[in-house]
Amino acid sequence: MRSAVLTKGVPDFSEGAVSFDEDGHLERGKTPTVMNPNDAFALEAALQTKVRHGGHVSVMSMGPPGYESVLQEAMASVYADDLYLLSDRECAAADTWATAITLCSALEKYQEEVRKLDLVFAGFKTADGETGQTGPQTCWGLEWPIVTHAIALDVDPDERTLRAKRLVEGDVDEIETVEASLPCVVVTDPEFEPTYRKASHRLEHKRLRAETEARAESYDEHLTTWDHVDMNLDPDYIGLDGSPTIVSSVDPIPKAPSEREATMIEPDDRDGMERLLEEMQPFAAGD
Amino acid sequence: MADDGYEHYEAIVVGCGPGGAAAASRLADHGIETLVLERGVEAGSKNVSGGLIYAEESAPYTIDELFPGFREEATERPVTDYYIHNVSGRKVKTYDLTDLHEHDTDWCDAVLRRTMDGWLEERVHEKTSETGGGVLTGVRVNGLLRENGRIVGVTCDELDPITADFVVAADGVNSELARDAGLMDWEEPDEWFQGVKAVVDVDPDAIDSRFSIGDGEGVAHLFSGDLFEDVRGGGFLYTNADSLSIGTVFHLDSLVEQRAEPHELLDALLTHPLLAGWLGDEYHEREYAAKLVPDSKKVAHREPYRDRLVLVGDAAGQMQAQGPIIKGMNHAVTAGALAADAFAVTRGNADPEAAGRRYAKMLEDSGTMEKLRPRRYDLARTVGEREAVTNAVEAVLDSRVGSAALGNPVADRLLKRAYNSPLLVSMLPDTRTGYVTIPAVVGEELGRTIHWESEIEPPSLEERIGDLTYDTDVGNPHIRLRDESVEESGAAVYACPVSAEDFGGGCYRAETVKTNGTEETLVSLDTQPCVECGTCAVVADTEWEHPRGGKGVEFRQG
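Everything numeric here is computed off the predicted structure, so don't read it as measured data.

Cut-offs used in this document
Residues numbered from 1 in each chain as written. Chains lettered and ligands numbered in written order. Predicted model: local features only at pLDDT ≥ 70, side-chain atom pairs only at ≥ 80, totals over all residues. Helix = DSSP H or I, 4+ residues; strand = E, 2+ residues; numbered from the N terminus. Rg over C-alpha atoms; globule rule 2.2 N^0.38 Å. Buried ≥ 20, exposed ≤ 12 C-beta atoms within 10 Å, placed from the backbone. Contact = placed C-beta atoms within 7 Å. Domains from an automatic or database assignment. Nonpolar A, V, L, I, M, F, W, Y, C, P; charged D, E, K, R; others polar. Pairing = 2+ DSSP bridges. Expected span 1.5 Å × (residues − 1). Axes fitted to C-alpha atoms, helices over the stretch in contact; angles between N-to-C directions. Core = buried A, V, L, I, M, F, W, Y, C linked by C-beta atoms within 7 Å.

Regarding the overall build of chain B
Part 1 of the reasoning: When helices and strands are counted, chain B shows 24 helices and 27 strands.
Part 2 of the reasoning: At 23 Å, chain B has a C-alpha radius of gyration in line with the 24 Å of a compact globule built from 558 residues.
Part 3 of the reasoning: When burial is assessed residue by residue, chain B has 56% of its 558 residues classed as buried.
Part 4 of the reasoning: Across chain B, contacts joining residues at least 24 apart in sequence account for 76% of those joining residues at least 6 apart.

Written out as structure tokens, the structure is:
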């Protein structure tokens, strides 16, 4: 099985890492870039396929040269075989449409020059854009079938099909099982969980981890960078110029009003605890 | 993959302690495809031992032969001096036990199991990978796979069932496979010891100077007498590279009879003035741990096999208490290696029990079984346990004449010789005479008085539990209390090493429940603080299983 996983570097929104200015704008320069958290599930799905059926996993990302560390992280976590960075000033400020065109061209180049792909994996929306469009739009360009919200996956290499469980949201979450032919795009849901119920699969997983540790150290030897010329892309159709999306304005979301006052009481503060109990007394009766 | 849809390996080894590691390593030596399944996050994370591993001159296998570099990489310090202290209050009489210790001993090292077993796991994985297998951690084998009533493999929490031509249960003292096969049970408290241990931080240079030893030397101290009241058992102290292993081991039936709290008995040792000089002013406990120990004299299985399954190490009750010296890991290594050899020579034999029978014979022929379960003990047992005899000896010792007799210089020499006689110490009856009365009288009559004071304040049970690492399997407790009555399960409240009377944060607690005007005391269970020792499986009415792979307590020292 030959797979490609699409990933993106996003600001690290985790507590302590992210930095906002006074107006509530993200300070990109002060916030580290990390792999989009949802992409971890796409990587896990690709790894599961590789562990079960063997093959090769390439990780691909569009972004500035600084994304190399993101790709290295992806290699270490998914035991990827090689990395592709689509990096060009012309690609900057792309919306989902222009990004999808870039990714799609890169995947086509990969198939022509490297090898035909069986599967392309993408994560469910990025932590910064939150659109969830890029994966499906890329698939539209490839003209492949797509399975979204995948939470479990089983590939049959002989029949060249895959079966997936999809989480269908509604008033009550439902799970449907679908089948698709290969090649296929799979967008994983954050509920995706790889399953390794065979000892041989777990041993293979362990072997790949050991093998990849050294590879991720020297990841740059396995990194290919393509610019718009390599991908034969017209600058008018990529980056800011190729993006039909117009952001007219951004309204900061006001902070939620805090109407209630909080009083901190330390657990060993005896008097404070007594006051607390007095305060709670009236409610004890169910009033 | 076989036709029945199950994954198949030639051999499966359950558990990657010394027994499992030895078995897997030898199986790989024979070119056998071997899968090792270990439930801990890493081998050693579920293992506790007092801390001495022996290499016996008479043993067919030793761990350093199977794993070159073992002593350099995986152990703490060798034991170069060995003492036993007979304690009576503040009076202590010390005997040099080195002769007994060195009897049949090639070498003996103190170990911490996380380091040791973790190192073994890597070696085992390397070796078994070469023959198509490997080690998987975080996988709990929960039972035996049977076909037409015959054992053909194992079932797991995390994996689909796997078949094998040979299954080695090296899954420890609470072996679920041994119980599933009907070979072992958890019925009689007098078949078990319970050990608790504290690993205490001490600077390596301080160890050298306080114990008057050089680099690359180590000591073992044993303690008996009245510092544990009337509970039958004793204490130990071993030197590690930069810590001390200090613990106590008691007969489980005695703990139950005396309603003793294991952690308090450990504290009695830790705070005895004798230890004050060794522990220094700063007491920092790295880890509190506990373990159940089978008494091989009573439970070592003479035919530890069924169908394709063989039992190895603690799972087969192969833990020898040679008087004060406890040998377990060395026998597990021998048994594991012999089991592997037994399978190798009977490979291809149509009879599924051929390997098991050969293994049992090899245990006998190598003299291992005689060490574990001496036939003379089986004969002497009936005498040793006759209360009339015991009471007579006690009465004499308690009298002035008896005490004086023990106190004269001739008795002193005889006692030293008696303590150092492998035969005599293995024959000591399991009564308070050997454990409490004689040592206390010796200490009283011959001992010198320790004058310094101990200022050690061991952590509370709550602090000890708080310092342990757990990955709790929320909503899926691994022990169920079948009978909540005090009569059936009340003993767990004090015998469990992480429970205590009047302590609400432990596993077991007694609670008074008022219903319709009547008051009743019931036992309740919260498995969160469980250290998976198995004590409650013996002393209370429970359904006892290990937690799922990777869940539960994780020992960092062991």
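Some thoughts on the overall build of chain A
Part 1 of the reasoning: If you tally the helices and strands in chain A, you get six helices and 11 strands.
Part 2 of the reasoning: Over its C-alpha atoms, taken along the principal directions, chain A stretches across nearly 75 × 50 × 40 Å.
Part 3 of the reasoning: Across the 287 residues that make up chain A, the buried fraction comes to 36%.
Part 4 of the reasoning: Taking contacts inside chain A between residues at least 6 apart in sequence as the whole, the part at least 24 apart equals 70%.

Notes on the domain arrangement of chain B
Residue and element names in this part refer to chain B.
Part 1 of the reasoning: Its domain assignment divides chain B into domain 1 (7-76 + 111-184 + 301-372), domain 2 (77-110 + 186-295 + 383-467) and domain 3 (470-554).
Part 2 of the reasoning: For domain 1 versus domain 2, the distance between C-alpha centres works out to 30 Å.
Part 3 of the reasoning: Each side of the interface is counted separately: domain 1 has 28 residues, and domain 2 has 37 residues.
Part 4 of the reasoning: If you list the elements that add at least two residues to the side of domain 1 that touches domain 2, you get β3 (52-56), β19 (320-322) and β20 (325-327).
Part 5 of the reasoning: Here the residues of the side of domain 1 that touches domain 2 sort into 13 nonpolar, 10 polar and five charged.

Focus on the sheet that holds strand β4 (residues 77-78) of chain B
The strands making up a sheet are joined through hydrogen bonds of the backbone, oriented either antiparallel or parallel.
Residue and element names in this part refer to chain B.
Part 1 of the reasoning: Read across the sheet, three strands follow the order β3-β7-β4 without closing on themselves; strand pairing throughout is antiparallel. In this open sheet, the two edge strands, each paired with only one partner strand, are β3 and β4.
Part 2 of the reasoning: Two strands pair when backbone bridges link them, and β4 and strand β7 (residues 105-110) are joined in this way by two bridges, in the antiparallel orientation. Opposite R77, over in β7, you have A110 as the bridge partner.

Re unusual backbone geometry
Part 1 of the reasoning: Omega for the peptide link from L182(A) to P183(A) comes to 0 degrees, which places this bond in the cis form.
Part 2 of the reasoning: Structurally, P183(A) can be placed in the loop between β9 (174-181) and β10 (184-188).
Part 3 of the reasoning: Even without a glycine there, the phi angle at K125(A) is positive, about 40 degrees.
Part 4 of the reasoning: By the element assignment, K125(A) lies in the loop between β6 (119-123) and α4 (134-142).
Part 5 of the reasoning: Here D307(B), not a glycine, exhibits a phi torsion of approximately 50 degrees, which is positive.
Part 6 of the reasoning: Within the secondary structure, D307(B) sits in the loop between β17 (305-306) and β18 (309-311).

Let's talk about the environment of A206(B)
Part 1 of the reasoning: Within the secondary structure, A206(B) is located in helix α7 (residues 204-210).
Part 2 of the reasoning: C-alpha of A206(B) to C-alpha of D242(B): the two residues are 36 residues apart in sequence and 8.9 Å apart in space.

Regarding helix α1 (residues 18-29) of chain B
What sets the pattern is the α-helix's 3.6 residues per turn: residues three or four places apart point alike.
All names here are of chain B.
Part 1 of the reasoning: Under the 1.5 Å per step criterion, the end-to-end length of α1 is 16 Å for 12 residues, consistent within 8% with the ideal 16 Å.
Part 2 of the reasoning: Of all 12 residues in α1, 11 are buried, a share of seventy percent or more.
Part 3 of the reasoning: Here α1 has its buried residues at P18, G19, G20, A21, A22, A23, A24, S25, R26, L27 and A28.
Part 4 of the reasoning: A positive phi of about 80 degrees marks G31, the residue just after α1.

As for the sheet that holds strand β6 (residues 91-96) of chain B
All names here are of chain B.
Part 1 of the reasoning: Read from one edge to the other, the open sheet built from eight strands follows the order β16-β12-β15-β14-β13-β5-β6-β21, with strand pairing classed as mixed. At either end of the open sheet lies a strand with only one pairing partner, and these are β16 (285-294) and β21 (448-449).
Part 2 of the reasoning: As paired elements, strand β5 (residues 81-88) and β6 share six bridges and run antiparallel to each other. Residue pairing for β6: Y83 is matched across the bridge by D96.
Part 3 of the reasoning: Across the sheet, helix α9 (residues 262-270) touches β12 (192-201), β13 (219-225), β14 (233-239), β15 (243-251) and β16, and the angle it forms with β15 is around 130 degrees.
Part 4 of the reasoning: Where helix α20 (residues 432-446) meets the sheet, it contacts β5, β6, β13 and β14, and its direction lies at approximately 85 degrees from that of β5.

A closer look at the interface of chain A and chain B
Part 1 of the reasoning: Each partner contributes residues to the interface: chain A has seven residues there, and chain B has seven residues.
Part 2 of the reasoning: Across the side of chain A that touches chain B, the residue classes tally to two nonpolar, one polar and four charged.

What about the pairing of β3(B)?
Part 1 of the reasoning: Counting buried positions along β3(B) gives five out of five residues, so the element sits mostly inside the fold.
Part 2 of the reasoning: Both faces of β3(B) are covered, namely the face carrying L52(B), Y54(B) and E56(B) and the face carrying I53(B) and A55(B).

Examining the nonpolar core
Part 1 of the reasoning: In this structure, I12(B), A23(B), V168(B), A169(B), V312(B) and A339(B) are the most contacted members of the largest nonpolar core, which totals 167 residues.
Part 2 of the reasoning: Per-element accounting of this core gives the leading share, 10 residues, to helix α12 (residues 329-346) of chain B.
Part 3 of the reasoning: Setting aside residues no more than four positions away along its own chain, I12(B) makes contact with L35(B), L37(B), G153(B), V154(B), I162(B), A164(B) and V167(B).
Part 4 of the reasoning: With 61 residues, the next largest nonpolar core counts L43(A), M62(A), A74(A) and Y79(A) among its residues.

What to know about helix α1 (residues 39-53) of chain A
Residues and elements named next belong to chain A.
Part 1 of the reasoning: With 15 residues, α1 should cover 21 Å at 1.5 Å per step; its first-to-last C-alpha distance of 21 Å lies within 8% of that length.
Part 2 of the reasoning: The buried fraction of α1 amounts to 13 of the 15 residues, a majority that puts the element mostly inside the structure.
Part 3 of the reasoning: One or two residues past the end of α1 sits G54, with phi positive at roughly 75 degrees.

Description of the pairing of β6(A)
Residues and elements named next belong to chain A.
Part 1 of the reasoning: Most of β6 sits inside the fold, with five of its five residues counted as buried.
Part 2 of the reasoning: As defined by bridge partners, strand β1 (residues 2-7) adjoins β6 across four bridges and the pair is classed as parallel. Note on β6: the bridge partner recorded for A4 is V120.
Part 3 of the reasoning: Bridge analysis of β6 against β10 gives five bridges, and the strand direction is parallel. Pairing of F121 across the sheet is with V186, part of β10.

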